[in-house]
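# A closer look at the structure
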Amino acid sequence: MDEIWIKTLSSGNVDASDTPDVFNYYNSLSNYHLYPSQTKYFRFSIKACRDAFILLSAAIDLQSQDFYEICLGGYGNSEVYLRRKYNDADTLVISTPDILNCTGTITMEVRWTLDGSIFLYMETAAGPETILNWRDPIPLPIQGVGIMTGWGADGIWIIEHTSFFIGRYCGIPSTYGDMKILSSSAQSSRISCMSICSPISACLGVNFNLLRRGV
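Residues numbered from 1 in each chain as written. Predicted model: local features only at pLDDT ≥ 70, side-chain atom pairs only at ≥ 80, totals over all residues. Heavy atoms only, no water.

Going by an unreviewed UniProt entry, the chain carries the name Farnesoic acid O-methyl transferase domain-containing protein and comes from Mytilus edulis.

### Observations regarding the overall build of the chain
A tally of helices and strands in the chain yields 2 helices and 14 strands. Looking at the chain as a whole, 46% of its 215 residues qualify as buried. Intrachain contacts of the chain at a sequence separation of at least 6 include 63% that bridge at least 24 residues. For the chain, the exposed area adds up to about 10,700 Å²; of that, 51% sits on carbon and sulfur atoms. (Helix = DSSP H or I, 4+ residues; strand = E, 2+ residues; numbered from the N terminus. Buried < 20%, exposed > 50% of the residue type's maximum accessible area, 1.4 Å probe, protein only. Contact = heavy atoms within 4.5 Å. Areas by Shrake-Rupley, 256 points an atom, 1.4 Å probe, with all protein chains shown as cover.)

### A look at the nonpolar core
Phe44, Ile54, Leu56 and Leu72 are the most contacted members of the largest nonpolar core, which totals 35 residues. Beyond its immediate chain neighbours, meaning those up to four positions away, Phe44 contacts Ile54, Leu72, Ile106, Thr107, Met108, Glu109, Val110, Trp157, Ile158 and Ile159. Residues Val22, Phe53, Leu62 and Tyr81 belong to the second largest nonpolar core, which totals 12 residues. (Core = buried A, V, L, I, M, F, W, Y, C linked by side-chain atoms within 4.5 Å.)

### Some thoughts on the state of the cysteines
Disulfide: a covalent bond formed between the sulfur atoms of two cysteine residues. Following the criterion strictly, the structure yields 1 disulfide and no others. The partner cysteine of Cys49 in its disulfide is Cys102, sulfur to sulfur 2.1 Å. Disulfide Cys49-Cys102: the torsion about the S-S bond is 140°, which places it as right-handed. Here Cys102 lies in the loop between strand S7 (91-95) and strand S8 (106-112) and Cys49 lies in the loop between strand S3 (41-48) and strand S4 (52-57), a separation of 53 residues in the sequence. On the basis of relative accessible area, Cys49 is assigned to the partly exposed category, the value being 38%. (Disulfide = S-S within 2.5 Å.)

### Section: the packing of aromatic side chains
The final tally for this structure, using the stated rule, is 6 aromatic pairs. Taking 5.9 Å as the distance between ring centres and 75° as the angle between the ring planes, the aromatic pair formed by Tyr68 and Trp134 counts as edge-to-face. Of this pair, Tyr68 sits in strand S5 (residues 67-73) while Trp134 sits in strand S10 (residues 127-135), and the two are 66 residues apart along the sequence. Accessibility expressed as a relative area gives 21% for Trp134, which makes it partly exposed. An angle of 10° between the planes, with centres 6.1 Å apart, marks the rings of Phe119 and Tyr121 as stacked. Taking relative accessible area as the criterion, Phe119 reaches 19% and is therefore assigned buried. Given a relative accessible area of 24%, Tyr121 falls into the partly exposed group. A network of ring pairs unites the aromatic residues Phe42, Phe44 and Trp157 as a single cluster. Taking the ring centre of Tyr41 as reference, the NZ or CZ of Arg111 above it sits at 4.4 Å. (Phe/Tyr/Trp six-rings, centres within 6.5 Å; stacked < 30°, edge-to-face > 60°. Lys NZ or Arg CZ within 6 Å of the ring centre and 35° of its normal.)

As structure tokens, this is what we get:
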């Protein structure tokens with residue numbers, strides 16, 4: 001499995017409860033040539049203090065009013081919630097105190113089925129833990145996946161995928177491939193590279209060469 005590292009800056013105080021065009025604030029994974037709808041799951045690691053969002057959309061480019069929104073670490077990093085479409089009264093809320101971590105990553109996986117079931121798992125020392133298990137009696141078709149951080153939180157996403165290519169990616173739609181390299185250094189791990197990148201607003205990602213161990 002390969003990995004893509006994506007840095008998301010806070011999109012502001014937006015979510016599906018009161019933002020009609022909330023999908024415009026998300027980064028579509030199709031911009032990085034990632035299409036989780038083909039496998040019906042999305043596995044990732046996330047480092048954020050709070051409010052990391054996932055959009056499961058009926059459109060590959062996310063431009064649809066039909067979607068599910070999952071928030072990790074909402075309400076001050078105390079809850080996970082799931083919303084169906086814009087301003088839907090039925091919101092599933094699960095108490096998950098301190099589920100996100102400002103300084104470390106957690107690994108999670110979202111899975112869905114054609115009959116409308118949505119699952120959220122979190123990797124723990126004891127194995128996978130089911131955080132969310134919900135079924136929509138009138139399921140929406142899921143074609144696209146988007147990611148976002150909001151309410152003052154920035155995030156680092158590490159997305160697992162199988163690919164025949166490698167590249168440097170940033171959070172700008174349709175921008176991928178060769179970008180300007182700000183700096184190069186020898187580091188022992190990807191985490192070390194991202195610790196250098198994160199404080200720099202112009203740094204939107206890293207390209208880690210395992211053999212050379214550097215950015």
